[in-house]
Amino acid sequence: MRAVPTWIDKVHDRDKVEQCIYDLAFRPDGSQLIVAAGNRVLVYDTADGTLIQPLKGHKDTVYCVAYAKDGKRFASGSADKSIIIWTSKLEGILKYTHNDSIQCVSYNPVTHQLASCSSGDFGLWSPEQKSVSKHKVSSKITCCGWTNDGQYLALGMMNGVVSIRNKNGEEKVKIERPGGSSSPVWSIAWNPSKDEHNDILAVADWGQKLSFYQLSGKQIGKDRSLTFDPCCVSFFSKGEYMVLCGSDRQAALYTRDGVRLGSIAEQNAWVWTCRVKPDSNYVVVGCQDGTIAFFQLIFSTVHGLYKDRYAYRDSMTDVIVQHLITEQKVRIKCRELVKKIAIYRSRLAIQLPEKILIYELLSDDSADMHYRVKEKICRRFECNLLVVCSQHIILCQEKRLQCLSFTALRQREWLMESLIRYIKVIGGPAGREGLLVGLKNGAILKIFVDNPFPITLLKQNTSVRCLDMSSNRSRLAVVDEHNTCLVYDIHTRELLFQEPNANSVAWNTQCEDMLCFSGGGFLNIKACSFPVHQQKLQGFVVGYNGSRIFCLHVYSMAAVEVPQSAPMYQYLERRMFQQAYNIACLGVTDSDWRDLATEALEGLDFHTAKKAFIRIRDLRYLELISSIEERKKRGETDNQLFLADVFAYQGKFHEAAKLYRRSGQDGRALSMYTDLRMFDYAKDFLGSADPKDTKLLMKKQADWAKNSREPRAAAEMYLSAGEHLKAIQIIGEHGWVDMLIDVGRRLDKAERAALSRCAVFLQQLQQHGYAAELYSKMGDLRALLQLHVHATHWDEAFSLVEKHPQFRDDVYVPYAQWLAEHDRFEEAQRAFHKAGRQAEAVRVLEQLTHNAVVESRFSDASYYYWMLSMQCLDIAREDSEQKQEMLKKFHSFQHLAELYHVYHSVHRYMSEPFSSNMPEILFNISRFLFHNLSTHTPMGISKVDTLYALAKQSKLLGAYKVSRHAFEKLQSLKIPARYQDSVELSSLTVRSKPYRDNEDLIPMCYRCSTNNPLLNNQGNSCINCRQPFIFSASSYEVLPLVEFYLDQGISDEEAVSLIDLEVPRVEKNKSWQEMSSGESQCLKLEDGPDDPEDDPFTAKLSFEQGGSVFVPVRVSRAVLRSMSRRDVLIKRWPAPLSWQYYRSLLPDVSITMCPSCFQMFHSEDYELLVLQHSCCPFCRRPIDESC
């Protein structure tokens, strides 16, 4: 950094007395400078220091001036206690006063409110208000300043206090300095940086301290000691630096953190004020002796470059290392002025005022950006240039080069014959690196750090400005003082060529024959001996790596991507394909790669062409090259044929056809034309050729018509060529039904593939009738059936199955699936059954049953269990291996069907407010259910509901003993909360009733005439003879039926024939006797003996009862002949079950049995239920079928 004086002026009054400059202010655009000098306000032109106009209005010394941020007005404050507001046209527009002399003024940067401070108070004025609001303070105000957002005003005071006020003048923060009144705060300034998250206040006091504070009053860092009394602090516009001046008679540059960087201006008197011109590097100072000095600060570039790493100085105290390829950056904070930087491989050297720091990379990774301190050389060095090597640093001072180790030991020194103008490390082993040195007298030397003797490479007549050596050390490029770039052969020292207008030069590190140089706003690239290629570029070239040129422009380094197109085309013009490829590898566009590949291919340089096409990933041309290479391996050597293939790929078809014909490959030319749909050219090429070729041409033309969206024409061409399948495919895809029908009818039935394809398309187009016609023509019955099934034309399918039963499964299975998908599960089950898919039928029924139970549809559950049982019976009849298992399931499902049928009434009684069943029926049902739930309770059936219904109906009918027992059983179960109170109350009230049951309710066994208790430990069997009771399936009363069994040897058919025999039957015991003979009947009333032998069946009942084991009633042929047909009910179970026979002991009681489910009913109940439901209430067989 150096300060260059721009202009200087000295202010005197009329008597030539020097006037102290107390304050300065720039107009926001920097064009004018306002100066407080004596009792006048002076306005200067900043460009050349011309005094524009002195402003008179104050009667005493002017202490302060300030310009508004909008540039419309400025203010001045004087010892005469007044403030004058001036316009930008230098006219005074307003004046107001304080009670004491004015010390400082400051404009709010946002609202343009003016703060004016005196010894005893401060005032706030804005153009919008008429009066000035004033606020008293306890100490003299010496300085003031607004925050960047204009919300707060900081006041520096004589007693060492900094008071921060809001826009209304109220104190928000008070900062008390340690020195107190002995260290008056003389200058404050807010950092204007927009990068800072907090407002930062710089405070300078006459305790010779510089401090920094946040808006909250919290100090940042420690106090920095000064060696003088500071008078003014001023920040640069962006806040990166600040200027401090005072009693040491100079203005100095500091970092924003307070690190001193150097002196700007040394004067002969105290420097009372200093200001930085907005958005520039100009500084102005005002002195006690009336001197106004205007300086330009020039910040020199301190940097170093090695390959793709660039290190440069930032903010004077930091070093930033930038990776030019990855754009990564790392900042190294030195907290002192950085004087020199050098970088080489993993080493980084930074020279500070009193030491040199040596850094190294943490790892060998080329992308690593983490540096650590390796060595510190704590000595002060004076040098012009600094170079670092792996183990040494090189200091250059005038003509002298010194080599120092990292421990500061001087190992070698070289004294040159002239001033050293340029030095560069050109690589080498660690500790033995070579240096390239250029001298003012034109000598160019090579020095090795381990060798005391320099090597003179060559000497020219002009001074060296810049140097670089090619990658293999064979050529040397020099830029001299006349801006001429000269290139030498190092070995012969011959001047190869020279180019004018160069200020820097660099060889390409990846290409020996290429260099670039900059100058005159242009970048020049030269390859080999070809002419120079130019393009615009600002700055200096400092490096050239591949396609990247590293350019330093002002203070920034940039990596510029430069396509190497121009030199590549220069090589292509001379058909130097390999050299062109090497240049292209440095970086060219895709179109350049394609041009290189095409030129090499046409030049039959397949190796280079292949590598170029790989770069642009052109698989088509790579396949061509690969096929040519394979053919060459097989011995083909016809370059004309290879070139013809190349031309064909490039679209030069006529040239390719000519070459094919010359090579005798007419077929290839024809294929090329037809593939390209150039049928006219193909016909011209063929002329009068073989008919096979003509037919092939027509077929290919049809293919083209298909692909070129002319499908109808293509279909017609295929039909003409006999390609029926292709024609049908096109017609079908486009849905042309009429053409499909026409083609199908014209086809012979032997062309099954074409007919089948045609039928499929008609089916897809919903033309099932025409599809059926084609299947019939083919005689494909299975396909015809599948067509009907797919179209859900079930009637046609069933009629076809009747004629061809072998296709039964093909219809009934999809029919059942279709029914299931449409929620017609019962029909689906029957269809599965018809199709012989018993497993699917059972699975559907089981799922239906489970769903019915879960959904509390117990009537449906009963019906589905009955259907399941019948299904199991069918399986047992058809499959002997599963017979026993299926019979077991049959009985289980029959039992469950009856239980759910019964529980349906109980559930309705418990869940609905009203019941249609009489109490006696509910009593019988719940008692029947209770007897069957003693061992196992099926899913969905509630024992609580059953017992509760039994208890309530028992109590209602007078069966108090049963009711009490039921309530006691309920107490051991978990009762729902809604029944709890009712159960407890009823169980108490029933105890007040007699402990007996109503005798009218007690059931009687019709076999042994024994009265059975209502709660029977034998369940639903007699306690005496163990004969199972037969219940009505509607009222569940005990029916007067006794089951009997046939003697061994009597078949079911014989038994029925014996029962049906018309033999005289006599009814005795003073009753009408019916006599039947032949076709006549007569009734006769007479008395007869009571001999039981007259009724053999009754005799069986009388003599074979009793005992703890049930003894069934077995009858002989004689007993069967004696029975009346109307007294016998037969359950005609299908095989493999046996029939069951029942004898009614009360013939007058009419009993009806459903012929489907074989459930017994009182005839009147059955008729009523059938009228209500139009079917059997148990098996749901329709009335017309059951009748």
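The name given to the chain in UniProt is Intraflagellar transport protein 122 homolog, and the organism recorded there is Danio rerio. The annotation that UniProt attaches to the chain under Subunit is "Component of the IFT complex A (IFT-A) complex."

### Structural notes on the packing of aromatic side chains
The full count for this structure, using the stated rule, is 34 aromatic pairs. Their ring planes at 75 degrees and their centres at 5.7 Å tell us that F236 and Y241 sit as a pair that is edge-to-face. Grouping residues by exposure puts F236 and Y241 together as buried. An angle of 80 degrees between the planes, with centres 4.9 Å apart, marks the rings of F530 and Y571 as edge-to-face. Linking F530 in the loop between strand 51 (522-527) and strand 52 (533-536) with Y571 in helix 1 (residues 565-573), this pair joins segments that are 41 residues apart in sequence. Here K277 stacks its cationic end above the ring of Y282, 5.2 Å away from the centre of that ring. The residue whose ring lies beneath K526 is F497, and the NZ or CZ to ring-centre distance is 4.6 Å.

### Points about the sheet that holds strand 14 (residues 141-146)
Taking strand neighbours across the sheet as the criterion, the 4 strands line up as 14-15-16-17 in an open arrangement whose pairing is antiparallel. For this open sheet the edge positions go to strand 14 and strand 17 (171-176), each flanked by a neighbour on one side alone. Neighbouring strand axes in the sheet, compared pairwise and without regard to direction, differ in orientation by 20 degrees on average. Here strand 14 runs beside strand 15 (residues 152-157); their pairing, made up of 5 bridges, is antiparallel.

### Overview of helix 6 (residues 639-650)
The end-to-end C-alpha separation of helix 6 is 16 Å, in line with the 16 Å expected for 12 residues at 1.5 Å each. Where helix 6 is concerned, the buried positions are L641, F642, A644, D645, V646, F647, A648 and Q650. At the C-terminal side of helix 6, G651 shows a positive phi close to 90 degrees.

### A word on the packing of helix 1 against helix 3 (residues 590-602)
Two numbers describe how helix 1 lies on helix 3: the axes approach to 11 Å, and their chain directions differ by 10 degrees. Comparing their axes, helix 3 and helix 1 come out roughly parallel. In this structure, helix 1 uses S565, M568, Y569 and L572 to contact helix 3, whose residues at the interface are S591, D592, D595, L596 and E599. Across the contact of helix 1 with helix 3, the residue classes break down as 4 nonpolar, 2 polar and 3 charged.

### Points about the nonpolar core
One finds W866, Y900, F923, L970, L1041, M1160 and C1176 to be the most contacted residues of the largest nonpolar core, which totals 85 residues. When neighbours within four sequence positions are excluded, W866 is seen to be in contact with Q894, A897, S1156, C1157, F1178 and C1179. Membership of the second largest hydrophobic core comes to 51 residues, among which are I332, A349, L357 and I377.

### Brief notes about the pattern of salt bridges
A side chain with one charge can pair with a side chain of the opposite charge if their charged atoms come near. Per the stated rule, a full pass over the model turns up 37 salt bridges. In this structure, E176 engages K174 in a salt bridge whose closest nitrogen and oxygen atoms are separated by 3.8 Å. E176 gets classed as exposed once you look at its relative accessible area, which sits at 58%. Overall, K174 belongs to the partly exposed group, its relative accessible area being 49%. Residue E968 is joined to R991 by a salt bridge in which the shortest nitrogen-to-oxygen separation is 3.9 Å. Taken as a pair, E968 in helix 25 (residues 960-971) and R991 in the loop between helix 26 (977-989) and strand 56 (1041-1046) lie far apart in primary sequence, 23 residues in all.

### Points about the sheet that holds strand 49 (residues 504-507)
Pairing is antiparallel in the open sheet, where 4 strands are placed in the order 49-50-51-52. The open sheet has two free edges, formed respectively by strand 49 and strand 52, since each of these has just one partner strand. Taken over all neighbouring pairs, the strand axes of this sheet differ in orientation by 20 degrees on average, direction set aside.

### A few points about the UniProt feature "repeat: WD" in the chain
When the UniProt feature table is mapped to this numbering, "repeat: WD" covers residues 16-54, 57-97, 99-135, 137-175, 180-223, 225-264, 266-306 and 459-498. The span residues 16-54 is 0% helix and 59% strand, and its two end C-alpha atoms sit 16 Å from each other.

### Let's talk about helix 3
Here helix 3 is 13 residues long and its end C-alpha atoms lie 18 Å apart, about the 18 Å a rise of 1.5 Å per residue gives. Those residues of helix 3 not exposed but buried are D592, W593, L596, A597, A600 and L601. For helix 3, the elements touching its buried residues are helix 1, helix 2 (577-584), helix 4 (606-616), helix 5 (619-633) and helix 6. Just downstream of helix 3 lies L604, where phi reads positive at about 60 degrees.

### Comments concerning the packing of helix 22 (residues 883-911) against helix 24 (residues 943-957)
Relative to each other, helix 22 and helix 24 sit at 75 degrees, their axes nearing to 10 Å. Regarding the angle of helix 22 to helix 24, the classification is roughly perpendicular. Within the contact between the two elements, helix 22 uses Y903, V906, Y909 and M910 and helix 24 uses D945, T946, Y948, A949, K952 and Q953. The class makeup of the residues in the contact of helix 22 with helix 24 is 6 nonpolar, 2 polar and 2 charged.

### A word on the pairing of strand 18 (residues 185-190)
Of all 6 residues that make up strand 18, 5 are buried, and the element is covered over most of its length. Of the pairings in the sheet, the one linking strand 18 to strand 19 (residues 200-205) comprises 5 bridges and is antiparallel in character. Bridge assignment links V185 to a residue of strand 19, and that residue is D205.

### Some remarks on unusual backbone geometry
Note the cis peptide between A1135 and P1136, where omega equals 10 degrees. Summarising the element assignment, P1136 is placed in the loop between strand 60 (1128-1131) and strand 61 (1140-1144). Of note in this structure, R473 is not a glycine but carries a positive phi near 65 degrees. Locating R473 in the fold gives a position in the loop between strand 45 (464-469) and strand 46 (475-480). Its relative accessible area of 34% is what places R473 among the partly exposed residues. The residue R493 is not glycine, and still its phi comes out positive at about 60 degrees. For R493, the location among the structural elements is in the loop between strand 47 (485-489) and strand 48 (494-499).

### Some points on the environment of L90
Locating L90 in the fold gives a position in the loop between strand 8 (82-87) and strand 9 (92-97). When the C-alpha atoms of L90 and Q53 are compared, they prove to be 8.2 Å apart, with 37 residues separating the residues in sequence. Beyond its immediate sequence surroundings of up to four residues, L90 is in contact with Q32, V43, I52, Q53, L55 and F74.

### Points about the confidence of the model for the chain
Counting all residues, the mean pLDDT for the chain is 83, and 82% of those residues have values of 70 or more. Contacts from residues 1066-1072, a stretch scored under 50 in pLDDT, to residues over four places away or in other chains number 19 contacts. Predicted confidence is poor over residues 1076-1093, with pLDDT under 50, and the contacts of this stretch with residues over four places away or in other chains come to 30 contacts.

### Some words on the side chain of T946
Mapped onto the elements of the fold, T946 is located in helix 24. If we ignore the near neighbours within four places in the chain, the residues touching T946 are Y903, V906, S926, L929, F930, L933 and I941.

Thresholds, definitions, all that
Residues numbered from 1 in each chain as written. Predicted model: local features only at pLDDT ≥ 70, side-chain atom pairs only at ≥ 80, totals over all residues. Heavy atoms only, no water. UniProt positions renumbered as here; feature names shortened; annotations may be inferred. Phe/Tyr/Trp six-rings, centres within 6.5 Å; stacked < 30°, edge-to-face > 60°. Buried < 20%, exposed > 50% of the residue type's maximum accessible area, 1.4 Å probe, protein only. Helix = DSSP H or I, 4+ residues; strand = E, 2+ residues; numbered from the N terminus. Lys NZ or Arg CZ within 6 Å of the ring centre and 35° of its normal. Pairing = 2+ DSSP bridges. Axes fitted to C-alpha atoms, helices over the stretch in contact; angles between N-to-C directions. Expected span 1.5 Å × (residues − 1). Parallel < 35°, antiparallel > 145°, perpendicular 65-115°, else oblique. Contact = heavy atoms within 4.5 Å. Nonpolar A, V, L, I, M, F, W, Y, C, P; charged D, E, K, R; others polar. Core = buried A, V, L, I, M, F, W, Y, C linked by side-chain atoms within 4.5 Å. Salt bridge = Lys/Arg side-chain N within 4 Å of Asp/Glu carboxyl O. pLDDT = per-residue confidence, 0-100.

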